[in-house]
Amino acid sequence: QDGIQAAIQIRRKNPDVSLIFVSAFLDYATMGYQVKASAYLLKSQLPYTFDSAMDAVLLERKLNHGVVEIMVDGHVIPLQLNHIQYIESRGRTSIFHGQTECRTYMSISDAEAALAGKGFLRIHRCYIVNMVHCVALKNYWAILDDGKTLPCSQRDYSNLLQRLMIWKGVNR
């Protein structure tokens, strides 16, 4: 449990750090979720699991630690991808929700194109989610890590669910 306490302190100082737990005891694995650990590896399996866990962490950091630039009030603003939770469309205005809220004159299709291949998923005609922040899709709703829910396309729901599950599998 000392490792969990250390992880809590590390997470407080740097919320964006990637954590991988290594232990001889599976009993502590669920505690890793409390601090959003990227992986929990058993010492006995370490030679077989370490490389793939590191690959997943590096891929997640690559996908979510870049930036997208948007125009806000005539100024180009760089937004960290990992700080964007979701994008909402209201007509020709796209609202980037996350650590800060930024509004820009941009269609949802243009926002989708700017974020292509960067871990974002268009779930509805008006919403794009950052899959890092999407905990689950359930009953035609996307559940985000802060508890917020967003509607999903009913027509494309099974495809969205499959794409999210594949992405989560590759990036965990």
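From a predicted model like this one, the values you see are computed outputs, not experimental measurements.

*Asks:* Lay out the packing of aromatic side chains with the relevant residues and their values.
*Replies:* Under the defined criterion, the tally for this structure stands at three aromatic pairs. With 4.6 Å between their ring centres and 55° between their planes, Tyr140 and Tyr157 make a pair best called tilted. Highlighted residues: Tyr140 in the loop between strand 10 (134-138) and strand 11 (141-144) and Tyr157 in helix 5 (residues 157-170), separated in sequence by 17 residues. Of the residues examined, Tyr157 reaches a relative accessible area of 12% and is grouped as buried.

*Asks:* Describe the confidence of the model for the protein chain, and please don't skip the residues or the numbers.
*Replies:* Per-chain confidence: the protein chain averages 87 in pLDDT, with 94% of residues scoring 70 or above. Per-element confidence in the protein chain ranges from a low mean pLDDT of 72 for helix 2 (residues 29-34) to a high of 98 for strand 12 (residues 149-151).

*Asks:* Please provide a residue-by-residue account of the pattern of salt bridges, values included.
*Replies:* Considering all chains together, one arrives at four salt bridges under this definition. Between Glu101 and Arg103 there is a salt bridge; the shortest N-O distance is 3.6 Å. Residue Arg103 is classed as partly exposed on the basis of its relative accessible area, which comes to 44%. Where Arg155 meets Asp156, a salt bridge forms, and the shortest distance between an N and an O atom there is 3.7 Å.

*Asks:* An account of the sheet that holds strand 7 (residues 102-105) is requested, with residue identities and associated values reported.
*Replies:* Strands sit in the order 7-6-5-9-8 across an open sheet of five strands; the sheet is antiparallel. Each edge of the sheet is formed by a strand with only one pairing partner; in this case those strands are strand 7 and strand 8 (120-124). Each strand axis lies, on average, 20° off the axis of its neighbour in the sheet, ignoring direction. In this sheet, strand 9 (residues 127-130) lies alongside strand 8 in antiparallel orientation, the contact comprising four bridges. Residue pairing across strands places His124 opposite Tyr127, the latter belonging to strand 9.

*Asks:* Mind laying out the nonpolar core, listing which residues take part and the relevant values?
*Replies:* Grouped together as the largest cluster of nonpolar side chains are 17 residues, with contacts concentrated most on Ile123, Val129, Leu137 and Leu150. For this core, the elements supplying multiple residues, two or more each, are strand 8, strand 9, strand 10, strand 11 and helix 5. Counting residues per element, this core draws most heavily on helix 5, at four residues. Apart from the residues lying within four places of it in its own chain, the contact partners of Leu137 are Ala142, Cys152, Tyr157, Leu160, Leu161 and Leu164. Formed by 15 residues, the second largest nonpolar core is a distinct cluster that contains Val68, Ile70, Ile108 and Ala111.

*Asks:* Hey, could you go over the layout of surface pockets for me, with residue numbers and the actual values?
*Replies:* The volume enclosed by the second largest pocket comes to roughly 190 Å³. Around the second largest pocket, the lining is made up of 14 residues, and of these Gly117, Phe120, Leu121, Met131 and Arg163 lie nearest the centre. Of all the elements in the fold, those that place two or more residues in the lining of the second largest pocket are strand 8 and helix 5. No other element matches the three residues that strand 8 contributes to the lining of the second largest pocket.

*Asks:* Explain helix 1 (residues 2-13) to me, and be specific about the residues and the numbers.
*Replies:* When the terminal C-alpha atoms of helix 1 are compared, their 17 Å separation across 12 residues agrees well with the 16 Å that a helix rising 1.5 Å per residue should span. Buried within helix 1 we find Ile4, Ala7 and Arg11. Summarising the axial view, the buried residues of helix 1 lie within an arc of 55°, below the 170-degree limit, and thus occupy one face. In helix 1, the exposed positions that point more than 90 degrees away from the buried face belong to Asp2, Arg12 and Lys13.

Reading guide: rules and limits
Residues numbered from 1 in each chain as written. Predicted model: local features only at pLDDT ≥ 70, side-chain atom pairs only at ≥ 80, totals over all residues. Heavy atoms only, no water. Phe/Tyr/Trp six-rings, centres within 6.5 Å; stacked < 30°, edge-to-face > 60°. Helix = DSSP H or I, 4+ residues; strand = E, 2+ residues; numbered from the N terminus. Buried < 20%, exposed > 50% of the residue type's maximum accessible area, 1.4 Å probe, protein only. pLDDT = per-residue confidence, 0-100. Salt bridge = Lys/Arg side-chain N within 4 Å of Asp/Glu carboxyl O. Pairing = 2+ DSSP bridges. Axes fitted to C-alpha atoms, helices over the stretch in contact; angles between N-to-C directions. Core = buried A, V, L, I, M, F, W, Y, C linked by side-chain atoms within 4.5 Å. Contact = heavy atoms within 4.5 Å. 1 Å grid on protein atoms, 1.4 Å probe; cavity = no way out; pocket = protein on both sides within 12 Å on 5 of 7 lines; lining within 4 Å. Points joined across faces, edges and corners; volume = space filled by probe spheres on them. Expected span 1.5 Å × (residues − 1). Arc of directions from axis to C-beta.

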